[in-house]
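Overview (structure and organization)
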Amino acid sequence: MRFLALGIFAVIWGMNSYFRNCKNCGLSFFHNDFNPIDFFCKKCWFELEKYKTPTQFKIYKSPEVLVRPLFLWDEKESEVGNLIHGLKGGTPFEIIRKLSLEIIARESPAQDAIIVPVPSSKVGEKDHAYQIANIISEELGLRLWCGLRWENKSTNQKFLKKTERFVSTMTKTERLPPTRQVILIDDLVTTGATATAAYKAIKSLNQIEVWALACRI
């Protein structure tokens, strides 16, 4: 019986290696039939395309904060939301790289631009913003600067009111090299509070440009 149970387990495990569940619709599909990455099924990737912004699309969250998002997210729609939430847990590096390269293909940064990831609220943690920033930095040959730190961000921002989000502040942990352009990297922009905090910490810039996977409208 033990060998039978082990055999059944091996068969199930082997079958699971050939199937994946779509992070959007939940349906199972053969991963060999999915191109290029097991995350969304083909149909849901196609649906996601309609939320993609035009090249060089921009939104001003404030006079100092300009956002260039890959997707616009209306919370009434599920595809972009499920993409963002799906990235939160155990995301394969391949999907982060795919989305990062899509951002790169749309933008034209200055030659001396500096890539700055939004710092994690947990000191020392390298989250998705850092991963995206690192890929963009390496692909474009631009400097990666991780010199920002949250001062008083102890609560998850999604539980805060809009006015409460602007209370959190950042500080510099090292000197920012001279540059004509700072590009702040984040996964999701909502109110613009994070970029505003970065702008106030850096101080020496007239404007911060944010490259993000999505901007909530």
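Overview of the structure. (Residues numbered from 1 in each chain as written. Predicted model: local features only at pLDDT ≥ 70, side-chain atom pairs only at ≥ 80, totals over all residues. Heavy atoms only, no water.)

Within the protein chain one finds seven helices and ten strands. Within the protein chain, the fraction of its 217 residues that count as buried is 45%. Within the protein chain, residue pairs in contact and separated by at least 24 positions form 66% of the contacts whose partners lie at least 6 positions apart. (Helix = DSSP H or I, 4+ residues; strand = E, 2+ residues; numbered from the N terminus. Buried < 20%, exposed > 50% of the residue type's maximum accessible area, 1.4 Å probe, protein only. Contact = heavy atoms within 4.5 Å.)

The backbone phi angle of glutamine 56 is positive, close to 65°, even though this residue is not glycine. With respect to the helices, strands and loops of the structure, glutamine 56 is situated in the loop between helix H2 (42–49) and strand E3 (59–62).

Neither face of strand E5 (residues 114–117) is left uncovered, since the one carrying Ile114 and Val116 and the one carrying Ile115 and Pro117 both have all their residues buried. Pairing of E5 with strand E9 (residues 182–189) involves four bridges; the strand directions are parallel. Within the sheet, the bridge partner assigned to isoleucine 115 lies in E9 and is isoleucine 183. (Pairing = 2+ DSSP bridges.)

In globular proteins that are soluble, nonpolar side chains generally tend to be buried together. Ranked by internal contacts, the top residues of the largest apolar core, which has 33 residues, are Phe40, Phe71, Val80, Leu99, Ile136 and Ile185. Among the elements that make up this core, the one with the highest residue count is helix H4 (residues 93–106) (five residues). (Core = buried A, V, L, I, M, F, W, Y, C linked by side-chain atoms within 4.5 Å.)

As a further point, take the packing of H4 against helix H5 (residues 128–140). Viewed as axis vectors pointing N to C, H4 and H5 meet at an angle of 55°, and their least axial separation amounts to 9 Å. The angle between H4 and H5 places the two elements in the oblique class. Helix-helix and strand crossings are classified by hand; for H4 and H5 the assignment is right-handed. Facing H4, whose interface residues are Phe93, Ile96, Arg97, Ser100, Leu101, Ile103 and Ile104, H5 presents His128, Gln131, Ile132, Ile135, Ile136, Glu139 and Leu140. (Axes fitted to C-alpha atoms, helices over the stretch in contact; angles between N-to-C directions. Parallel < 35°, antiparallel > 145°, perpendicular 65-115°, else oblique. Left-handed = near helix turned anticlockwise from the far one by under 90°.)

The six strands lie next to each other as E3-E4-E10-E9-E5-E6, forming an open sheet whose pairing is mixed. What marks the edges here is a single partner per strand, and that holds for E3 and strand E6 (143–144). Pairing of E5 with E6, which is carried by two bridges, proceeds in the parallel orientation. Following the sheet pairing, isoleucine 115 is matched in E6 by leucine 144. Seen against the sheet, H4 touches strand E4 (65–73) and strand E10 (208–216) and runs at an angle of roughly 125° to E4. Helix H7 (residues 193–202) contacts E3, E4, E9 and E10 of the sheet and is inclined by roughly 165° relative to E10.

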